[in-house]
Amino acid sequence: VRALFPQPGGDGCDLDDADLVRIYDYPRGRPWVRANFVSTVDGAAQGPDHRSGSISGTADRRMLALLRALADVVLVGAETARVERYGPADIRPEYAQIRADLGLPPTPPIALVTASLDVPERLLSDSRTLVITSEMSPPDRRAYLADRVDVAVVGDREVTAHGVIDALTSRGYGRIHCEGGPRLFGLLVHAGLIDELCLTVSPQLLAGPGLRILAGPQLPEPMPLRLATVLESDDFLFLRWLVRNS
Ligand SMILES: NC(=O)c1ccc[n+]([C@@H]2O[C@H](COP(=O)([O-])OP(=O)(O)OC[C@H]3O[C@@H](n4cnc5c(N)ncnc54)[C@H](OP(=O)(O)O)[C@@H]3O)[C@@H](O)[C@H]2O)c1
């Protein structure tokens, strides 16, 4: 991985894992919501198979693994969990020490937002899985899930963005790594609850109907972002933006 901006050691400075941990270290003393996506150069967030793996690559997978290693929790929308066949997060052996040094348990739990409670069965094998839903979700299914995993009921009707973040922070999860998808990201962006966007630009053109990284109604005003880091590896760009008021 090379740093293109800023360039701490000069032009195209090579970075090792310790440098990356420093760059992506979460701010202390307050909860922080980091969103992470990959998109093709022309803006597709889904490959031809409607999944993101087909637009990812070795360098992007490595970055995703590192970002997961730094987090208290991985937050995801239920559709992404279903399409991408989520199970409990595993951490690459080479990143185990990073988590230990941060005082984190070996793996982060997965938190998912759902109205339907259609939760991938594999996620139920970790009792720390957090299902965030509302009073409107099917009560029988909710009771079934509550016997197996952690269920947070936030809101009478809709799950609100603030309800999602409160459910996480009240459990001590302040380093929040949100892996989308576009609709959950839209919910959080509209509520002003995103602090940082890490976007991998995959060196591909695709066109077609694929989703962009952000879905939902247009924002009343464009949300300004401040560029914090530009990294490059194997023609993938790793862009890190901070939301201006964060
Ligand atoms: N390129 C990337 O980096 C990337 C990252 C993530 C995902 N993706 C792709 O994006 C696609 C899925 O994204 P998506 O935007 O359709 O879905 P999503 O945001 O992952 O999940 C949407 C689902 O989350 C639940 N949800 C969201 N807001 C809610 C609310 N306010 N209250 C209750 N439940 C709520 C609902 O689950 P229920 O349906 O269970 O009620 C809803 O159907 C997949 O194809 C995936 O591969 C790409």
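Up top is the structure.
Residues numbered from 1 in each chain as written. Predicted model: local features only at pLDDT ≥ 70, side-chain atom pairs only at ≥ 80, totals over all residues. Heavy atoms only, no water.

Caption draft 1: Quick look at the state of the cysteines. Scanning the model with the defined rule gives zero disulfides in all. Cysteine Cys-13 shares no disulfide, and the gap to the nearest cysteine sulfur, in Cys-198, comes to 18 Å. No disulfide involves Cys-198; its sulfur sits 11 Å from the nearest other cysteine sulfur, which is in Cys-178. When its relative accessible area of 3% is taken as the criterion, Cys-198 is described as buried. (Disulfide = S-S within 2.5 Å. Buried < 20%, exposed > 50% of the residue type's maximum accessible area, 1.4 Å probe, protein only.)

Caption draft 2: Main features of the packing of aromatic side chains. By the definition in use, this model includes one aromatic pair. Plain terms: the ring middles of Phe-37 and Phe-185 are 5.0 Å apart, the flat faces sit at 50 degrees to each other, and that makes the pair tilted. Of this pair, Phe-37 sits in strand 3 (residues 32–40) while Phe-185 is found in helix 7 (residues 182–190), placing the two residues 148 residues apart along the sequence. With relative accessibility at 8%, the residue Phe-37 sits in the buried group. In this structure, Arg-34 packs its charged tip against the face of Tyr-26, placed 4.2 Å from the ring centre. Over the face of the ring belonging to Tyr-144 we find Arg-148, whose NZ or CZ atom lies 3.7 Å from the ring centre. (Phe/Tyr/Trp six-rings, centres within 6.5 Å; stacked < 30°, edge-to-face > 60°. Helix = DSSP H or I, 4+ residues; strand = E, 2+ residues; numbered from the N terminus. Lys NZ or Arg CZ within 6 Å of the ring centre and 35° of its normal.)

Caption draft 3: Expanded view of the pattern of salt bridges. Throughout the structure, instances matching the rule amount to 16 salt bridges. The residue Arg-62 makes a salt bridge to Asp-17 at a minimum N-O spacing of 3.1 Å. Here the residue Arg-62 occupies a position in helix 2 (residues 58–69), and Asp-17 occupies one in helix 1 (residues 17–24), the gap between them amounting to 45 residues. Two residues, Glu-135 and Arg-142, come together in a salt bridge whose shortest N-O distance is 3.8 Å. Sharing partners across several salt bridges, the network here consists of Asp-17, Arg-62 and Glu-94. (Salt bridge = Lys/Arg side-chain N within 4 Å of Asp/Glu carboxyl O.)

Caption draft 4: View of the nonpolar core. One finds Leu-75, Ile-132 and Leu-168 to be the most contacted residues of the largest nonpolar core, which totals 34 residues. Look past the residues within four positions of Ile-132 in its chain and what remains in contact with it is Ala-111, Leu-112, Val-113, Thr-114, Ala-152, Val-154, Val-159, Val-164, Ala-167 and Leu-168. Cys-13, Tyr-24, Met-63 and Leu-231 belong to the second largest nonpolar core, which has 25 residues in total. (Core = buried A, V, L, I, M, F, W, Y, C linked by side-chain atoms within 4.5 Å. Contact = heavy atoms within 4.5 Å.)

Caption draft 5: Looking closely at the environment of Val-164. Tracing the sequence through the fold places Val-164 in helix 6 (residues 161–169). The buried category is assigned to Val-164, whose relative accessible area is 0%. With near-sequence residues (within four places) excluded, Val-164 lies in contact with Leu-75, Val-113, Ile-132, Val-154 and Val-159.

Caption draft 6: Representation of the sheet that holds strand 4 (residues 73–77) within the structure. Pairing is mixed across the open sheet formed by eleven strands, whose spatial order is 2-1-10-11-9-3-8-4-5-6-7. Two strands bound the open sheet, and with one partner strand each, they are strand 2 (13–14) and strand 7 (150–153). The pairing of strand 4 with strand 5 (residues 110–113) spans four bridges and is classified as parallel. Paired with Gly-77 across the strands is Val-113, a residue of strand 5. (Pairing = 2+ DSSP bridges.)

Caption draft 7: Representation of the pairing of strand 5 in the model. Side chains of strand 5 alternate between two faces, with Ile-110 and Leu-112 and Ala-111 and Val-113 buried alike. In the sheet, strand 5 pairs with strand 6 (residues 130–133) via three bridges, with the strands oriented parallel. Within strand 6, the position partnered with Val-113 by the bridge is Ile-132.

Caption draft 8: View of the site of the ligand. Near the ligand lie 26 residues; those nearest to it are His-50, Thr-80, Glu-84, Thr-114 and Ser-116. The contact in question runs from an oxygen atom of the ligand to an N or O atom on the backbone of Ala-78, over 3.3 Å. Here an oxygen atom of the ligand and a backbone polar atom of Glu-79 are 3.3 Å apart. Relative to its unbound accessible surface of 930 Å², the ligand loses 88% to contact with the protein. Mapped onto the shell around the ligand, the elements with two or more residues apiece are strand 3, helix 3 (78–83) and helix 7. When grouped by side-chain class, the residues that make up the shell around the ligand number twelve nonpolar, eight polar and six charged. (Near = heavy atom within 4 Å. Polar contact = N/O pair within 3.5 Å; in protein donor to acceptor, adjacent residues only side chain to side chain. Areas by Shrake-Rupley, 256 points an atom, 1.4 Å probe, with all protein chains shown as cover. Nonpolar A, V, L, I, M, F, W, Y, C, P; charged D, E, K, R; others polar.)

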